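Each chain, letter by letter, is given below.
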Amino acid sequence: MNRTIRIGTRSSELALWQADTVSNQLKYLGHETEIVKIDSIGDEVLNKPLYELGTTGVFTKNLDVALLNDRIDIAVHSLKDVPTVLPKGIVQAAVLKRGLHHDILVLKDNEDFFTKKTATIATGSLRRKAQWLYRFPHHEITDLRGNVNTRIRKLKESNWNGAIFAMAGLKRIGILPDNVLKLDWMIPAPAQGAVMVAALEKDVELLQILSELNDKETELCVGIEREFLNKLEGGCSAPIGALAMIKDEELKFKGALFSTDGKQKIEFSKTVPVNHTTDIAQFAASYILDKGGKKIMRKEGEVEKRINIFSTKHLSIGQKSALNQQIGTDMSDFITIRYNRIKPAVVKQPIKHVIFTSQNAVESVTDSFMASELNFEHIYCVGRRTKRLIERNIGKVTHVENSATSLANYLAEQIKNEKATYFCGDKRRDELPDILNNSGVILDEVIAYQTLLSPNQLTKKYDGLLFFSPSGIDSFLSKNSPDQEVAFCIGGTTAKEAQKHFKTVVEAKLPSVESVLNSVNAYFIK
């Protein structure tokens, strides 16, 4: 094969490890390769949520599009993130030999908390949450999001007792701590620990090459686990675990369905000869559904909601739980954030006045530089969460406002005729720059991140839509008409844009996701 094989991957450290592994194996076989980084809609500013996201394919969609549009030749995925039904034209070309499948508890300090009445455990996974609560119903579960490095850091900075991780991920990138407990009793996610290579069905020559990377035993085991998931899931968010293992010519399978609160569990376990595995996944799924699984699925699927809303940003488990039980939620990320690499020259000299109007800009700056490299005398920002993020990672905030316009009006008086550096996105609004320029402030704009539209076409009408930025509205309207009932907006700038298109607009009292959800409850639940 003469061409260089373009390998598509997300840009997280773990995803790059997977892509490099595939690349090295292909090079060993004599093929040239090139790594192409393409972030997913599930990465949310390079922080990948490993919890229920409300839809399938959030980690794989952009790679699928790149594959179909001939930007890459193959896509490398963590197989547990891949929908059980692949897009038309894309096939599973190879599954590498499986790594460790176990979940582990990374301890903050020690195991003493097990002897106490309460404890706080962090995880963003519904499956892990449900299984932990099934075993330890008196413990509290808190949300944990971000890539593995970020989650380890958050654990160190928290007052939690521990956090649950996939052992394979931490070991692969060399950050597996010593103080961990292997959770042998926790059933992993289907295909956990396995790496899959996807390619186009029509690329016969490439498929032949990739077949040499395939591990037959792993392919059989994860195939059964994913078939079990496919038979059960039906688009709902109920926690499902599955594990198939081969030993001495026998395949041992265990699968389970849990309620999200951990109070209910239906489990199936069976050992069969390796050459008699054809219908085990179907049999296991049917058994669980017949033993009460259908009832759990109906409950977890939230099929009978009086009110239904759609969020243009994925909500965490904790955020969704803030909504009244009568309100059903569908969601999808309508924008994707990609950080720019900020040049060192930008922060080489001390900066007297620095402006942030979003958490994305803060994340981009801290992704490019350590706090010790930043010498900001006065920092101004929009939103309490942005303020907390700045003070946790950069330094003290001089002043905070609830909107960009309010902050601009404040600065127009405070720093008139001075110079300020504004870290912003490529689709930033004009209000703040216009006000400051008119007041004589010399504004140095640094484009810290890019906002990419990831629109989806809705298949039904909702009682309300949730918007978190003007760009989210633009993305939504690129494939949908503004005929929904109510638009709930995170702040004044977003609300102003929504008013151009929607009859009824509700602005949250504070620029936070929680405040938007509170406004939804207040509007619908009288």
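**Some thoughts on the overall build of the protein chain**
The number of helices and strands found in the protein chain is 16 helices and 24 strands. Whereas a compact globule of 526 residues would reach a radius of gyration of roughly 24 Å, the protein chain reaches 24 Å, a difference of no more than 12%. Counting only C-alpha atoms, the protein chain reaches 80 × 60 × 55 Å along its principal axes. In the protein chain, buried positions account for 54% of the 526 residues.

**Some details on the sheet that holds strand β1 (residues 5-9)**
Through backbone hydrogen bonds, the strands of a sheet pair up, either in parallel or in antiparallel fashion. The strand order across the open sheet formed by 5 strands is β2-β1-β3-β10-β4, and the pairing between neighbours is mixed. Of all strands in the sheet, those bounded by a partner on one side alone are β2 (33-37) and β4 (90-95). Across the sheet, the mean angle separating the axes of adjacent strands is 30° when strand polarity is ignored. Note that β1 and strand β3 (residues 74-78) share 2 bridges and pair parallel. Pairing of glycine 8 across the sheet is with alanine 75, part of β3. Of the strands in this sheet, β1, β3, β4 and β10 (195-200) are in contact with helix α2 (residues 61-68), which crosses β3 at around 165°.

**Comments concerning a negative patch on the surface**
Where like charges cluster on the molecular surface, the negative patch consists of Glu217, Asp248, Glu249 and Glu250. Along the chain, glutamate 249 turns up in the loop between β11 (240-247) and β12 (250-258). Of the residues examined, glutamate 249 reaches a relative accessible area of 62% and is grouped as exposed.

**Describing the packing of helix α10 (residues 359-368) against helix α11 (residues 384-393)**
If you want to describe how two helices pack, look at the angle between their axes and the distance between the axes. Their axes nearest at 9 Å, the elements α10 and α11 cross at an angle of 15°. Between α10 and α11, the crossing angle belongs to the class labelled roughly parallel. In this structure, the crossing between α10 and α11 has a hand that is left-handed. Touching Gln359, Val362, Glu363 and Thr366 of α10 are Arg385, Thr386, Leu389, Ile390 and Asn393, all from α11. The residue inventory of the contact of α10 with α11, partitioned by class, reads 3 nonpolar, 4 polar and 2 charged.

**Structural notes on the packing of helix α12 (residues 404-414) against helix α13 (residues 431-438)**
Axis separation between α12 and α13 bottoms out at 8 Å; the angle between their running directions is 15°. Classed by the angle they form, the pair α12 and α13 counts as roughly parallel. Here the hand of the crossing between α12 and α13 comes out right-handed. Side by side, α12 and α13 meet where Ala404, Thr405, Leu407, Ala408, Asn409, Leu411 and Ala412 of the first sit next to Glu431, Leu432, Ile435 and Leu436 of the second. Class assignment of the residues belonging to the contact of α12 with α13 gives a composition of 8 nonpolar, 2 polar and 1 charged.

**Digging into the packing of aromatic side chains**
Aromatic ring pairs: the centre-centre distance and the angle between the two ring planes describe each pair. Evaluated as defined, the whole model comprises 22 aromatic pairs. By the ring-pair criterion, three or more aromatic residues cluster together here, those being Phe310, Phe334, Tyr462, Phe467, Phe476 and Phe502.

**Description of α11**
Of all the residues in α11, the buried ones are Thr386, Leu389 and Ile390. All buried residues of α11 lie within an arc of 100° about the axis, which places them on one face of the element. Its buried side turned inward, α11 meets β17 (351-356), α10 and β18 (376-382).

**Some words on the sheet that holds strand β21 (residues 442-453)**
Spatially, the 6 strands line up as an open sheet ordered β16-β21-β20-β17-β18-β19, and their pairing is mixed. The open sheet terminates on both sides in strands that have one partner only, identified here as β16 (335-339) and β19 (399-401). Strand-to-strand, the axes of this sheet are offset by a mean angle of 25°, without reference to chain direction. In the sheet, β18 pairs with β19 via 3 bridges, with the strands oriented parallel. Looking at β19, one finds that cysteine 381 is bridged to valine 400. On the sheet, α13 packs against β17, β20 (419-425) and β21 and is oriented at approximately 170° with respect to β21.

**Overview of the pattern of salt bridges**
Inspection of every chain in the model, using the stated rule, returns 22 salt bridges. When the shortest N-O distance is used, the salt bridge between glutamate 445 and arginine 428 registers 2.9 Å. Of this pair, glutamate 445 sits in strand β21 while arginine 428 is found in the loop between β20 and α13, placing the two residues 17 residues apart along the sequence. Accessibility expressed as a relative area gives 31% for glutamate 445, which makes it partly exposed. Looking at arginine 428, the relative accessible area reads 26%, which means it is partly exposed. Among the charged side chains, a salt-bridge network with shared partners connects Arg3, Arg6, Asp70, Asp73 and Asp203.

Definitions and limits used
Residues numbered from 1 in each chain as written. Predicted model: local features only at pLDDT ≥ 70, side-chain atom pairs only at ≥ 80, totals over all residues. Heavy atoms only, no water. Helix = DSSP H or I, 4+ residues; strand = E, 2+ residues; numbered from the N terminus. Rg over C-alpha atoms; globule rule 2.2 N^0.38 Å. Buried < 20%, exposed > 50% of the residue type's maximum accessible area, 1.4 Å probe, protein only. Pairing = 2+ DSSP bridges. Axes fitted to C-alpha atoms, helices over the stretch in contact; angles between N-to-C directions. Contact = heavy atoms within 4.5 Å. Patch = residues over 30% accessible without salt bridge, like charges linked within 9 Å, V, L, I, M, F, W, Y side chains within 5 Å. Areas by Shrake-Rupley, 256 points an atom, 1.4 Å probe, with all protein chains shown as cover. Salt bridge = Lys/Arg side-chain N within 4 Å of Asp/Glu carboxyl O. Lys, Arg positive; Asp, Glu negative; His and termini not counted. Charge placed at Lys NZ, Arg CZ, Asp CG, Glu CD. Parallel < 35°, antiparallel > 145°, perpendicular 65-115°, else oblique. Left-handed = near helix turned anticlockwise from the far one by under 90°. Nonpolar A, V, L, I, M, F, W, Y, C, P; charged D, E, K, R; others polar. Phe/Tyr/Trp six-rings, centres within 6.5 Å; stacked < 30°, edge-to-face > 60°. Arc of directions from axis to C-beta.

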